[in-house]
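# Coordinate inspection notes
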Amino acid sequence: MVAVQLRARGIRDARVLGAMGDVPRHVFVPEELQDEAYADHPLPIGEGQTISQPYIVALMTEALSLRGEEKVLEIGTGSGYQTAVVAELCRRVVTIERSASLSQTAEARLRRLGYETVEFRVGDGTLGAPDEAPFDRILATGSLPRVPESLLAQLGEEGIFVLPTGERSLQELVAVRRKGSSFAQTRLGPCAFVPLVGEEGWDAAGCGPY
């Protein structure tokens, strides 16, 4: 997976490649799909959610430019796989998941694997965690119709926010960097993520953004 799907496709950050090699991806997928855990595509994890393909996980993690001392906010815990990869590379992660059952399962899984620097929360991730702001990095693991103002306000100076944004069926992966009161976007490529439902996300009824 690391050699063929990541390094050969342009992932260069040695720390990211190391974390992707260390985190046991098969633990994060349903038992009946474990034979496909390291394949180059996303997999369902229940409740209409997916675990992203390894390359996308690596690309998003690399775009965060983690050096080890950052506090990271993750929007959309899902299976906890992306959470674990990021936790390998930073000081602390606050992760928010709308589904209580997914959050509880992910927390139990990461605790069994020895991750103690992750705080799990259940709620509307599109509103972030103002009580913990500012964050050095923010990561959204589901699509958003726009860059949420609530999350930009929680991004610290020189912070980076990586997210898929655009239409409900197809998005652009972007990295937003803060410099003072201004924000600059870098496009990382097209992608397709499940929608993040919330006050600054998609309408739960499926008819567009709030």
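Here, the structure is the one placed above.
One structure accompanies this document, and this report is about it. Being a predicted model, the structure only gives us computed values, none of them experimental. (Residues numbered from 1 in each chain as written. Predicted model: local features only at pLDDT ≥ 70, side-chain atom pairs only at ≥ 80, totals over all residues. Heavy atoms only, no water.)

## Digging into the layout of surface pockets
Heads up, the condition is: Using a grid of 1 Å spacing that covers the protein atoms alone, one calls a set of points a cavity when a 1.4 Å probe fits there but cannot get out, and a pocket when the set is open and has protein on both sides within 12 Å along at least five of seven lines; lining residues are those with an atom within 4 Å of a point. Grid points are joined across faces, edges and corners, and a volume is the space filled by probe spheres set on the points. Helix and strand assignments come from DSSP, with helices taken as H or I runs of at least 4 residues and strands as E runs of at least 2, each series counted from the N terminus. When residues are grouped by polarity, Ala, Val, Leu, Ile, Met, Phe, Trp, Tyr, Cys and Pro land in nonpolar, Asp, Glu, Lys and Arg in charged, and all others, Gly among them, in polar.
Estimates place the volume of the largest pocket at around 630 Å³. Those elements that place two or more of their residues in the lining of the largest pocket are β2 (49-51), α3 (54-63), β3 (71-75), α4 (81-87), β4 (92-97) and β9 (182-191). When the residues that make up the lining of the largest pocket are grouped by side-chain class, the tally is 17 nonpolar, 16 polar and 5 charged.

## Some thoughts on the sheet that holds strand β5 (residues 118-122)
To keep it simple, the criterion reads: Two strands make a pair as long as DSSP finds a minimum of two bridges between them. For helices, the axis comes from a line fit to the C-alpha atoms of the stretch in contact; other axes are also lines fit to C-alpha atoms, and the angle between any two N-to-C directions lies between 0 and 180 degrees. Only heavy atoms enter the contact rule, under which two residues are in contact if any of them lie within 4.5 Å.
Read from one edge to the other, the open sheet built from 7 strands follows the order β5-β4-β3-β6-β7-β8-β9, with strand pairing classed as mixed. What marks the edges here is a single partner per strand, and that holds for β5 and β9. This sheet shows a mean twist of 15° between the axes of neighbouring strands, independent of strand direction. Where strand β7 (residues 155-166) and strand β8 (residues 171-179) come together, 7 bridges link them in antiparallel fashion. Across the sheet, residue F161 finds its bridge partner in β8, namely V176. Across the sheet, α3 is in contact with β6 (135-140), β7, β8 and β9; its angle to β7 comes to roughly 155°.

## A short note on the side chain of Q171
Threshold: With a 1.4 Å probe rolled over the protein chains alone, any residue whose accessible area is under 20% of its type maximum counts as buried; one over 50% counts as exposed, and the rest are partly exposed. Polar contact is defined as a pair of N or O atoms within 3.5 Å, subject to the rule that within protein one atom must be able to donate a hydrogen and the other to accept it, and that residues adjacent in sequence are counted only when both atoms are side-chain atoms.
Its location among the elements puts Q171 in strand β8. Residue Q171 is classed as buried on the basis of its relative accessible area of 4%. In this structure the side chain of Q171 is engaged in a polar contact, spanning 3.0 Å, whose partner is the backbone oxygen of E167. Side-chain polar atoms of Q171 contact the backbone oxygen of R168, separated by 3.1 Å.

## As for the packing of aromatic side chains
Both the distance between ring centres and the angle between the ring planes are used here to describe each pair of aromatic rings. For clarity, the threshold we go by: Two rings from Phe, Tyr or Trp (for Trp, the six-membered ring) form a pair when their centres are within 6.5 Å of each other. A pair whose planes differ by under 30 degrees is stacked, one over 60 is edge-to-face, and the rest are tilted. We count a charge as sitting over a ring when the NZ of a lysine or the CZ of an arginine lies within 6 Å of the ring centre and within 35 degrees of the ring normal.
Following the criterion strictly, the structure yields 1 aromatic pair and no others. With a centroid separation of 5.5 Å and 65° between ring planes, the pair formed by F28 and Y81 is classed as edge-to-face. Of the two residues, F28 is situated in the loop between α2 (14-22) and β1 (43-46) and Y81 in helix α4; the sequence distance between them amounts to 53 residues. The same class applies to F28 as to Y81, namely buried. The ring of Y81 carries the charged tip of R25 above its face, separated from the ring centre by 4.9 Å.

## What to know about the nonpolar core
Note the cut-off: The nonpolar core is taken to be a set of buried Ala, Val, Leu, Ile, Met, Phe, Trp, Tyr and Cys residues, with the residues joined through side-chain atoms within 4.5 Å.
Within the largest apolar cluster, 46 residues are counted, with the highest numbers of intra-cluster contacts made by L6, I11, M20, Y81, V86 and V162. Ranked by the residues each element gives to this core, the list is headed by α3, at 7 residues. If near-sequence neighbours (up to four positions away) are discounted, Y81 is found in contact with M1, M20, V23, R25, F28, I51 and V57. A129, F135, F161 and L163 belong to the second-largest nonpolar core, a separate cluster that totals 18 residues.

## Here's the deal with the environment of G128
Tracing the sequence through the fold places G128 in the loop between β5 and β6. Along the chain, G128 and L152 lie 24 residues apart, while their C-alpha atoms are 9.5 Å from each other. Every residue in contact with G128, bar those within four places of it in the chain, is listed here: L73, I75, I96, L151 and Q154.

## Some thoughts on the pairing of β3
With 5 of its 5 residues buried, β3 lies for the most part within the structure. The alternating pattern of β3 places K71, L73 and I75 on one face and V72 and E74 on the opposite face, and all of these are buried. Of the pairings in the sheet, the one linking β3 to β4 comprises 5 bridges and is parallel in character. Looking across to β4, one finds that V72 is bridged to V93.

## What to know about unusual backbone geometry
P134 follows A133 through a cis peptide bond whose omega is 5°. Backbone geometry at S65 places phi at a positive 50°, although glycine is not the residue there. In this structure, E158 is a non-glycine residue whose phi angle is positive, near 65°. On the secondary structure map, E158 appears in strand β7. Residue classification places E158 among the partly exposed positions, given a relative accessible area of 44%.

Geometric descriptors of this kind do not, in isolation, establish any biological role.
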